Amino acid sequence: MVSGSVPRLVVAAPSSGSGKTTVATGLMAAFAARGLAVSAHKVGPDYIDPGYHALATGRVGRNLDAYLCGPELVAPLFLHGARGCDIAVVEGVMGLYDGAAGQGELASTAHVAKLLRAPVVLVVDASSQSRSVAALVHGFASWDPEVRVGGVILNKVGSDRHEELLREALEASGVPVLGVLRRVAQVDTPSRHLGLVPVAERREKALEAVAAMAAQVAAGCDLDGLAALARGAGALPCAAWDAAGAVGPDGPARPGAPVVAVAGGPAFTFSYAEHAELLTAAGAEVVSFDPLRDEELPEGTAGLVIGGGFPEVYAGELSANEPLRKAVAELAAGGAPVAAECAGLLYLCRELDGLPMCGVLDAGARMSERLTLGYRDAVAVSDSVLAAAGTRVRGHEFHRTVVEPEAGAAPAWGVRIPRRRVEGFVQRGVHASYLHTHWAAEPGVARRFVERCRTS
């Protein structure tokens, strides 16, 4: 099978809360239980759902974001993630046609489905309707003729009679019913202020939840019909993305691999898999560590990457690990490259909700009632270990915290959307910001960072 012909389908819904995550994760696990190698993908910038996808498939969950990476990279990144797989399941975001605010279809599930030439399975919450379901499915299936809604899965169906009424209504729609899930107790996937609780914080319970999703989907869905629908996806006219090719011929320019320490563990779970792949392709030795438990940075650390997550949940434990906080501060004081996003920014502050953090930045951080969420267009204001001044990027913000600087450091980004402002910190080798970016869109970031690790 050539890589461009990977069987695939997109799991979408009319709106959030319809059951996409349950169906998509359950499908992944059910196909894997049949012995298939399953590639898991999530539309949009969500970091948490891919963790559940990874449990379901035994492979890294990957994101497909037409805003952060550009439409031209969606299919290549998909093929990269799906290498060697028998089938791919892509979980959508929000409603099928909901994309970046004010940008039309950009980054919507429908947009990604078209870029992947993939059929869509529509998950409908049928709990409060019967015949009206036909009008709803017809509307979604006919809205954009380039989007192929190949089947519907009816969720939260109350009884045999309810199912009968729904099936009768849908007979004339031309969209086959490929699954019916009954109204049962919710699968145990607890949420908090930024969505589902990440897998790293509740692995055993998460495994149980994924198994329950798989059982529910296997019992209620036509897996053979869904697999046949996936096989009907046409070949993609592009090559798979490759980290070494993206970094370019001047990738690992010199012998000797500088160690880049990447924060992980329950407090720092937000990271795109391609970042570590790009760092490796650029010539680094990537080593993970857990700031909750490790009292030292990995031996020979020449650069540090601290991504997003939930430091506010673990502020006490992070603060109590004084040896590591001092090690991070000493590394930064020595001018080593440090890239911190969102949670990483908070960890580098002087304090978080009154608890001592690393003190690399003379700034305080605290929880806020206000959710900051959305895509951003930005330009690098200052030269840094990640980008030269003037570099334009697209990013995403997602947090309920506020950072209040008390001493002047150069700003990292000038944000243009939704309002003009400067954001983040550039200080010696430190680049710290709330902005999440996807390095596949700007692979020179990894090359520049690793080169600074060699020379700092």
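You'll find the structure just up there.
Described in the following lines is the structure provided in the data block.

Calculation notes
The written sequence of each chain sets the order in which its residues are numbered from 1. Selection of residues for local features in this predicted model requires a pLDDT of at least 70, selection of side-chain atom pairs for listing and counting requires 80 or more, and totals for whole chains, interfaces and linings are taken over all residues. The side-chain values count all of the structure's non-hydrogen atoms but skip hydrogen atoms and water molecules. Two rings from Phe, Tyr or Trp (for Trp, the six-membered ring) form a pair when their centres sit within 6.5 Å of each other. Planes less than 30 degrees apart are called stacked, planes more than 60 degrees apart edge-to-face, and all others tilted. Secondary structure elements follow DSSP: runs of H or I no shorter than four residues count as helices, runs of E no shorter than two count as strands, and numbering proceeds from the N terminus. When accessible area is computed with a 1.4 Å probe and restricted to protein chains, residues below 20% of their type maximum are described as buried, those above 50% as exposed, and intermediate ones as partly exposed. As a reminder, the over-ring test applies to NZ of lysine and CZ of arginine, requiring each to be within 6 Å of the ring centre and within 35 degrees of the ring normal. In a helix, the anticipated span is given by 1.5 Å times the number of residues less one. Here a polar contact means two N or O atoms within 3.5 Å. Within protein one must be a hydrogen donor candidate and the other an acceptor candidate, and residues neighboring in sequence count only if both atoms are side-chain atoms. Here a residue-residue contact requires only that any non-hydrogen atoms of the pair lie within 4.5 Å. Whenever a helix is involved, its axis is fitted only over the stretch in contact; in every case the axis is a line through C-alpha atoms, and angles between N-to-C directions fall within 0 to 180 degrees. Crossing chirality is assigned from the near helix's rotation relative to the far helix, an anticlockwise turn below a right angle marking it left-handed and a clockwise turn marking it right-handed. In the scheme used here, Gly and all other residues not listed as nonpolar or charged are polar, with Ala, Val, Leu, Ile, Met, Phe, Trp, Tyr, Cys and Pro taken as nonpolar and Asp, Glu, Lys and Arg as charged. Strand pairing is assigned whenever DSSP detects at least two bridges linking the two strands. Salt bridges are counted wherever a side-chain nitrogen of Lys or Arg sits within 4 Å of a carboxyl oxygen of Asp or Glu. Nonpolar core, defined: a set of buried Ala, Val, Leu, Ile, Met, Phe, Trp, Tyr and Cys residues in which side-chain atoms within 4.5 Å join the residues together. Any angle from 65 to 115 degrees is called roughly perpendicular, while one under 35 is roughly parallel, one over 145 is roughly antiparallel, and all others are oblique.

So, the packing of aromatic side chains
The relation between two aromatic rings is expressed through the spacing of the ring centres and the mutual angle of the planes.
Reasoning step 1: Throughout the structure, instances matching the rule amount to seven aromatic pairs.
Reasoning step 2: Measuring from ring centre to ring centre gives 6.4 Å for Tyr97 and Trp143, while their planes differ by 55 degrees; the resulting arrangement is tilted. Here Tyr97, found in the loop between β4 (87-91) and α4 (109-116), pairs with Trp143, found in the loop between α5 (132-142) and β6 (149-157); they are 46 residues apart in sequence, far enough to count as distant.
Reasoning step 3: For Trp143, a relative accessible area of 66% gives the class exposed.
Reasoning step 4: The cationic tip of Arg394 hangs over the ring face of Tyr67; the distance from NZ or CZ to the ring centre is 4.2 Å.

Details of helix α14 (residues 444-455)
Reasoning step 1: In this model, α14 (twelve residues) spans 16 Å end to end at C-alpha, consistent with the 16 Å of a helix rising 1.5 Å per residue.
Reasoning step 2: Among the residues of α14, Val445, Ala446, Phe449, Val450, Cys453 and Arg454 are the ones counted as buried.

Describing the side chain of Glu397
Reasoning step 1: By secondary structure assignment, the location of Glu397 is in strand β17 (residues 392-405).
Reasoning step 2: Residue Glu397 is classed as buried on the basis of its relative accessible area of 2%.
Reasoning step 3: At 3.2 Å, the side chain of Glu397 and the side chain of His399 are in polar contact.
Reasoning step 4: Excluding its chain neighbours within four sequence positions, the residues that come into contact with Glu397 are Thr372, Leu373, Gly374, Arg376, Arg421, Tyr434 and Leu435.

A closer look at the environment of Leu297
Reasoning step 1: Examined against the element boundaries, Leu297 turns out to sit in the loop between β11 (285-289) and β12 (301-306).
Reasoning step 2: Given the relative accessible area of 14%, Leu297 is considered buried.
Reasoning step 3: On a C-alpha basis, the gap between Leu297 and Arg62 in space is 27 Å, while along the polypeptide they are 235 residues apart.
Reasoning step 4: Apart from residues lying up to four places away in sequence, Leu297 is in contact with Phe289, Leu304, Leu324, Ala327, Val328 and Leu331.

Some details on the packing of helix α3 (residues 71-81) against α4
Reasoning step 1: One can describe the packing of α3 onto α4 by two numbers: an axis separation of 9 Å at closest approach and a directional angle of 65 degrees. Note on packing geometry: the crossing formed by α3 with α4 is right-handed. Residues Pro71, Val74, Ala75 and Phe78 of α3 form the contact with α4, whose participating residues are His111, Val112, Leu115 and Leu116.
Reasoning step 2: When its residues are assigned to classes, the contact of α3 with α4 shows seven nonpolar, one polar and no charged.

Re the pairing of strand β5 (residues 120-125)
The two faces of the sheet receive side chains in turn, since in a regular strand these alternate between them.
Reasoning step 1: For β5, a buried count of five out of six residues is recorded, marking the element as mostly surrounded by other parts of the structure.
Reasoning step 2: Note: strand β1 (residues 8-12) against β5, three bridges, orientation parallel. Paired with Val11 across the bridge in β5 is Val121.
Reasoning step 3: In this sheet, β6 lies alongside β5 in parallel orientation, the contact comprising six bridges. Bridge pairing in β6 links Leu122 to Val152.

Details of the pattern of salt bridges
Reasoning step 1: Going through the model one piece at a time under the given rule, you end up with 21 salt bridges.
Reasoning step 2: Linking Glu163 and Arg182 is a salt bridge whose minimum nitrogen-to-oxygen distance equals 2.8 Å. Of this pair, Glu163 sits in helix α6 (residues 160-170) while Arg182 is found in strand β7 (residues 177-182), placing the two residues 19 residues apart along the sequence.
Reasoning step 3: The exposure class assigned to Glu163 is buried, which follows from its relative accessible area of 18%.
Reasoning step 4: Taking the relative accessible area as the measure of exposure, Arg182 reaches 30% and is therefore partly exposed.

Side note on the sheet that holds strand β2 (residues 38-43)
Reasoning step 1: On the basis of which strands lie adjacent, the open sheet formed by seven strands has the order β3-β2-β4-β1-β5-β6-β7 and parallel pairing. Strands at the two margins of the open sheet, each flanked by one partner only, are β3 (62-64) and β7. The sheet shows a mean angle of 25 degrees between the axes of neighbouring strands, direction not considered.
Reasoning step 2: When β6 meets β7, the two strands line up parallel, connected through four bridges. Paired with Leu154 across the two strands is Val180, which belongs to β7.
Reasoning step 3: Packed onto the sheet, helix α2 (residues 49-57) meets β2, β3 and β4 and runs at close to 170 degrees relative to β2.

Section: the nonpolar core
Reasoning step 1: Within the largest apolar cluster, 107 residues are counted, with the highest numbers of intra-cluster contacts made by Phe78, Leu116 and Leu226.
Reasoning step 2: Residue contacts for Leu226: discarding those within four places in its chain leaves Leu9, Leu27, Phe31, Val121, Ile153, Leu178 and Cys221.
Reasoning step 3: Formed by 39 residues, the second largest nonpolar core is a distinct cluster that contains Ala261, Ala267, Phe268 and Phe425.

Topic: the side chain of Asn321
Reasoning step 1: Residue placement: Asn321 occurs in the loop between α11 (315-320) and α12 (322-333).
Reasoning step 2: Since its relative accessible area comes to 6%, Asn321 is described here as buried.
Reasoning step 3: Apart from residues no more than four positions distant in its own chain, Asn321 is found in contact with Pro291, Leu292, Arg293, Asp294 and Glu295.

Considerations on the packing of helix α1 (residues 20-33) against helix α7 (residues 203-220)
Reasoning step 1: The N-to-C vectors of α1 and α7 enclose an angle of 85 degrees; their axes lie 7 Å apart at closest approach. The pairing of α1 with α7 is recorded here as roughly perpendicular in orientation. Facing Thr21, Thr22, Val23, Thr25, Gly26, Leu27, Ala29 and Ala30 of α1, the residues of α7 in contact are Val210, Met213, Ala214, Gln216, Val217 and Ala218.
Reasoning step 2: Tallied by class, the residues present in the contact of α1 with α7 amount to nine nonpolar, five polar and no charged.

Everything listed here is a matter of coordinates, which is why it stays silent on function.
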